[in-house]
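# Fold and geometry: a report
Chain residues, written in single-letter form:
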Amino acid sequence: MTGGGAVGDGRRAGAVWELAPERLRAAADAVGGLRADRGVYLAPVRHHSPACAVAVRAAIEELRPAAVLIEGPEEFTRLIPDLLHEATRPPIAVLSLGDSGTGSSAENSEAGGGSGFYPLASFSPEWVALQAGRDVGAELRFIDRSFGERSAAERAVSGSGGSGSDGPGAGPGGAGLGGADPNGAALGAGGADAEPDPFARTLMSERYLAHSEAVAALARRLGCRDHDEVWDHLFESRPSAELADWRAVFDDVFAWAALARLDYEESVLAADGSLDREARMAARVAETAAEVDGPVLVVTGAFHTLALVEALSGAAEGAPVRDRQPEGGFGPVAEGEAWLVRYDNERLDGLRGYGAGMPSPGYYERLHAAHLRELAFHGTLVGGALDGAVAGAGAGALDGAVDGAVGKAPGPVGARALAAEILVDVARGAVERGHAVSLPQVSAAAEAATRLAVLRERAFAGRTDLLDAMRSCYVQDDGGVGGPGEPERPLGLAIAEVFGGRALGDVPPGSASPPLVRDVRERVRAVRLVVDDSLPRTARLDARRTASHRAKRQVLALLDFVGAGFGQLVSGPDHVAGRGLGLITEEWQYCWTPLVEARLVEMVHLGATLEAVAVARLTEAEARLSGARAGSGAVPGVSSGTGAVPGTGAVPGTRAVPGTGSASVDAIARLVAQALVIGMGSHLPRIVALLRVTLDTDRDVDSVVSGARRLLGLWEARVELGAEEYAGELLDLVSQALATAAYLVSDLGKVRAEDEDAAIGTLIGLRSLLRDAAAADGALADGGLADGTLADGAPADTAVAGNVAAGNVAAGADWATVGAVNRLAVARELGRLRDDESTAPAVAGALLALGFTDGEVADDVLVTRVRGALAAGADPGAAVRFLGGVMRAAPDLILHTPEMFDAVDEALRALEGDAFLAVLPDLRRAFTWLRPTETHRLAKRVAERTGARVDQVDVRVALSEEDLATGLALDRELAAVLERDGLAHWVAATDMESAVGATPAGGEA
């Protein structure tokens, strides 16, 4: 397999081929027979290979075939006009959907559907075949099995498509999902993090070539690190003129891939669908050859070429393929849903998990352009567009001509010139990021790369030579690259940018792109968010004070809710999750990637506009929360940010009400928040009706309190959310929730010891709700109008109606009265619970502390209750739980109430050593509610009480409970020894005297 070898035209190196397996030698002869006898020229390629792309163009320009057939689902043929449109700019991809035409995970998970990408870059042989074939007037067709058929068969073998398998379905490095084309059509590529993505099932993968023993043996023999470097060494490092010798290139690629194919059993290839696909391709080749008058060029992944040769030539080895062909042929071209979407180099990069295997697309794109410039300069080829323009042209005319052919700005002529430019560009990028690279370092790297290429017997410095040279000459003491698990450093970022590239393609407006994608693009552009590249960006918004920022936030939130994967809220107020509500500004990170368009395409069955899809998602979530089952019960593809959980349709944080099967108040309140955040307030009536019913059935007081607080937060943000017209409804819901809480609050006193913390958290939340609701009612009363309408224009008695029906207040009461009555009901029930002796100790302590802080419990009552709970004879465990409740609810009481400090000090001093040790974990936990400054102040009080220095008390030590137990045992042993020797009075004065201070200062306070 050398650059000068050929298979089918009698020029092959006989001595080398005599060593090849008999099957391979026979196939090589059959290649020549197909060319001579039937006019069928097979062009085995590696997907996204610049070398193969140059050879394909040369073959088409020489042969001027009547038809060019390309590996790819045959339903793609109808998209060829859009692929060839003047506005189409690679990288782009054809996105296929499964049998249902929707690609939704719920509908296709069982049927084996889903979605898959067929990417095309400017240096992809398939893209070049389309362009060059059009230039010579050839008929263009895709000939592979339809994606719907392929995905069903292949996923049936590989299961759900999980990653990490070395068998069928595993892409290079285990990055692929199940059922891939062994050449370049993997059904699962990752993104930048190289993790599998169900929306990025690529139709181009090379797992068989990557795992071939023959290729691995060749790599070892050539001293190459992996199959990618083997490929570069054998093919990409050839000079431009040798690549134009397309017969030699295709024959050598055929031999390379055929050797790899011989490693695999027929059963393996049958199981993953390869033989069925090859049967379809072979049949379409034969049909076309019989129909057209002239040569037929067949561009397929090289792994399939051996099977196609044997099937078309009638060889016995081709029987497994031919036997899969129906007697009457496959009939009309299959139909299936497919869309043209933009793609980017980041998803195309093999180093980042893409299944097609070719790494560094930015480098290969420039290498392809450099080859074309060199060939154009010498008048060898580059298409009819350059005929007459290249001959005798100066540099300017040449640049313009090549620019039109390859879609690139003027650049280096030839691969050698490109190597120098690459080194300079990486150095410039590193310098811009703060990593100094001097001109002598660049010169040294250029010489090192050249010498490495000579040593490795390559015509010019290629990808690995350049990378090795930069590692040697550009890396300084700090590395500048970053290791595994570390963030990329300046030099690593510069290399990634140059070798990976940042290109984002484009597709013609209005063609082969569903209305939903167009609508979303227009919506995003209308609010001045960037969708023209795939660079991650940050949007900092002040939605409270700026109308344009509110519009941006609504679009971002809409896309997050429907699960488009366009943006994510990083910081700021999150009204759905109930976090950061006191913050003014918010920060979103967003990026328009091919996966965004893919996800949108998969939603086309939900609607043609973003609003329609959002309504469908909202309705699905509502149906799920109301206990109804929509369709199969799964809500596919819903956002996991502020929207719903992917694949479930459930809103994050939802909890089923025990024993009812219905959703919780908090879950439905979250859906109310979601509707307002995405601007779908007009759909609130149904959700509110469901919420009112749930408020009568939800027995979880924490859910009721959390939901009410969420609703009150929405009322406070009504201007920011554009929800002024719903303000009265929100407050009425809060009032109803307070009435429900009053009914349920007694349950908090009956919790088990392990649930006391959660109960106290609910109490603290309820207290905050009471305060905030009182403030809201006050503000509303101040803003009310004399005629009985609210500040937002809603009739006051409309809001009261719900509470009147429930018997909460008398008819005619105003908003403030309604709120006050329900708040008083809650306060009354809290008081009863506080005075109930059967209330759980921690809950009782928390209620006492909260009552004292709110002025409902007098000083003497507080001290009496604390002394009583901690008095001698009380159960130490219950006493410490009571203290923990006090500290959780109002930790500063021990600092500001001397009587409480004395009571705690006396109780702890009275504990025996074993009892103290038993309650020590709870004690340590109780004092952790103190802030560091409060811990220091407590340490000063303890030091004053015990006569110790503050620095002896206020010290943090890392002691485990085992350490403390050992220390206490030693202490008891020492005390026994001293008592035996008549020295017990030495320790009597200090025994347990610093018990109060030991916990917060010496533990984990």
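Residues numbered from 1 in each chain as written. Predicted model: local features only at pLDDT ≥ 70, side-chain atom pairs only at ≥ 80, totals over all residues. Heavy atoms only, no water.

So, on to the overall build of the protein chain. The helix and strand tally for the protein chain stands at 45 helices and 10 strands. The buried share of the protein chain, taken over its 1005 residues, is 55%. Looking at the protein chain alone, contacts between residues at least 24 apart form 73% of all its contacts between residues at least 6 apart. As presented, the protein chain carries roughly 39,700 Å² of accessible surface, and 52% of it is formed by carbon and sulfur atoms. (Helix = DSSP H or I, 4+ residues; strand = E, 2+ residues; numbered from the N terminus. Buried < 20%, exposed > 50% of the residue type's maximum accessible area, 1.4 Å probe, protein only. Contact = heavy atoms within 4.5 Å. Areas by Shrake-Rupley, 256 points an atom, 1.4 Å probe, with all protein chains shown as cover.)

Counted under the stated rule, the structure contains 55 salt bridges. Linking Asp252 and Arg238 is a salt bridge whose minimum nitrogen-to-oxygen distance equals 2.9 Å. Of this pair, Asp252 sits in helix H12 (residues 246-261) while Arg238 sits in the loop between helix H10 (227-236) and helix H11 (240-243), placing them 14 residues apart in sequence. Both residues of the pair, Asp252 and Arg238, belong to the buried class. For Arg752, the salt bridge identified is with Asp755, shortest N-O distance 3.1 Å. (Salt bridge = Lys/Arg side-chain N within 4 Å of Asp/Glu carboxyl O.)

With that settled, the discussion passes to the packing of helix H28 (residues 665-677) against helix H30 (residues 701-716). The interhelical angle for the contact between H28 and H30, taken along N-to-C directions, is 15 degrees, at an axis separation of 7 Å. Put simply, H28 runs roughly parallel to H30. Between H28 and H30 lies a crossing whose hand is left-handed. Along its contact with H28, which presents Val665, Asp666, Ala669, Arg670, Val672, Ala673 and Leu676, the element H30 presents Ser703, Val704, Ser706, Gly707, Arg710, Leu711 and Leu714. The residue inventory of the contact of H28 with H30, partitioned by class, reads 8 nonpolar, 3 polar and 3 charged. (Axes fitted to C-alpha atoms, helices over the stretch in contact; angles between N-to-C directions. Parallel < 35°, antiparallel > 145°, perpendicular 65-115°, else oblique. Left-handed = near helix turned anticlockwise from the far one by under 90°. Nonpolar A, V, L, I, M, F, W, Y, C, P; charged D, E, K, R; others polar.)

Turning to the packing of aromatic side chains, a few remarks are in order. All told, the structure shown has 14 aromatic pairs when counted by the stated rule. Both rings, one in Phe117 and one in Tyr343, keep their centres 5.1 Å apart while their planes meet at 65 degrees; by these two values the pair is edge-to-face. Taken together, the residues Phe117 in strand E4 (residues 115-120) and Tyr343 in the loop between strand E7 (338-342) and helix H17 (345-348) connect sequence positions 226 residues apart. Like Tyr343, Phe117 is buried. Taking the centre distance of 5.4 Å and the plane angle of 65 degrees together, the rings of Tyr363 and Tyr364 count as edge-to-face. (Phe/Tyr/Trp six-rings, centres within 6.5 Å; stacked < 30°, edge-to-face > 60°.)

With 12 residues, helix H24 (residues 515-526) should reach 16 Å at 1.5 Å per residue; the first-to-last C-alpha distance of 16 Å fits that figure. What H24 keeps buried is the set Leu516, Val517, Asp519, Val520, Arg521, Arg523 and Val524. Tucked inside the fold, the buried residues of H24 contact E7, helix H25 (547-562), helix H26 (594-601) and helix H27 (610-625). Positive phi appears at Arg528, one or two residues downstream of H24, with a value of about 65 degrees. (Expected span 1.5 Å × (residues − 1).)

Within strand E1 (residues 40-45), 6 of the 6 residues are buried, leaving the element largely enclosed by the surrounding structure. With 6 bridges connecting them, E1 and strand E6 (residues 296-301) associate as parallel partners. Within E6, the position partnered with Pro44 by the bridge is Thr300. (Pairing = 2+ DSSP bridges.)

So, about the sheet that holds E1. With respect to topology, 4 strands assemble into an open sheet ordered E1-E6-E2-E5, the strand pairing being parallel. For this open sheet the edge positions go to E1 and strand E5 (139-144), each flanked by a neighbour on one side alone. When strand polarity is set aside, the average angle formed by the axes of neighbouring strands in this sheet is 25 degrees. In the sheet, strand E2 (residues 67-73) pairs with E6 via 4 bridges, with the strands oriented parallel. The residue of E6 that forms the bridge with Ala67 is Val296. Contacts from helix H14 (residues 274-291) reach E1, E2, E5 and E6 within the one sheet, and its direction differs from that of E5 by about 155 degrees.

The subject of this paragraph is the environment of Leu569. Secondary-structure assignment places Leu569 in strand E9 (residues 567-571). On the basis of relative accessibility, which here comes to 18%, the residue Leu569 falls in the buried class. The residues touching Leu569, leaving out its near neighbours within four places in the chain, are Asp574, Glu586, Glu587 and Trp588.

Among the structural elements, Asp560 can be located in helix H25. Sequence separation between Asp560 and Ile678 is 118 residues; the distance between their C-alpha atoms is 9.3 Å.

Let us now look at the confidence of the model for the protein chain. Residues of the protein chain with pLDDT of at least 70 account for 74%, and the chain-wide mean is 77. Predicted confidence is poor over residues 155-201, with pLDDT under 50, and the contacts of this stretch with residues over four places away or in other chains come to 149 contacts. (pLDDT = per-residue confidence, 0-100.)

For the rest of this paragraph, the subject is helix H20 (residues 415-432). Along its 18 residues, H20 runs 26 Å from first to last C-alpha, staying within 8% of the 26 Å computed at 1.5 Å per residue. Along its buried surface, H20 packs onto helix H18 (361-377), helix H21 (439-455), helix H22 (463-473) and helix H23 (490-500). Positive backbone phi, at 95 degrees, marks Gly434, one or two positions downstream of H20.

So, about unusual backbone geometry. For the bond running from Pro90 to Pro91, omega is 5 degrees, close enough to zero to count as cis. By the secondary structure assignment, Pro91 is in the loop between helix H4 (80-83) and strand E3 (92-97). Backbone geometry at Glu457 places phi at a positive 60 degrees, although glycine is not the residue there. Owing to a relative accessible area of 70%, Glu457 belongs among the exposed residues under this scheme.

So, on to the sheet that holds strand E10 (residues 586-590). Picture the strands of a sheet paired through backbone hydrogen bonds; they go either parallel or antiparallel. The strand order across the open sheet formed by 3 strands is E8-E10-E9, and the pairing between neighbours is antiparallel. Both edges of this open sheet fall to strand E8 (537-541) and E9, since each of them pairs with a single strand only. Adjacent strand axes in the sheet meet at a mean angle of 30 degrees when their direction is disregarded. Of the pairings in the sheet, the one linking E8 to E10 comprises 5 bridges and is antiparallel in character. By the bridge assignment, Leu541 is partnered in E10 with Glu586.

Here we come to the nonpolar core. Residues Val426, Tyr474, Phe499 and Phe566 are the most contacted members of the largest nonpolar core, which totals 172 residues. The residues contacting Phe566, other than those within four sequence positions of it, are Val524, Leu529, Val531, Leu556, Leu559, Gln589, Tyr590, Cys591, Trp592 and Val596. By size, the runner-up hydrophobic cluster in this structure holds 57 residues, among which are Ala43, Ala51, Leu140 and Val507. (Core = buried A, V, L, I, M, F, W, Y, C linked by side-chain atoms within 4.5 Å.)

This next bit is on the environment of Leu911. Tracing the backbone through its elements, the reader meets Leu911 in the loop between helix H39 (898-909) and helix H40 (913-927). C-alpha separation for the pair Leu911 and Pro876, spaced 35 residues apart in sequence, amounts to 8.0 Å.

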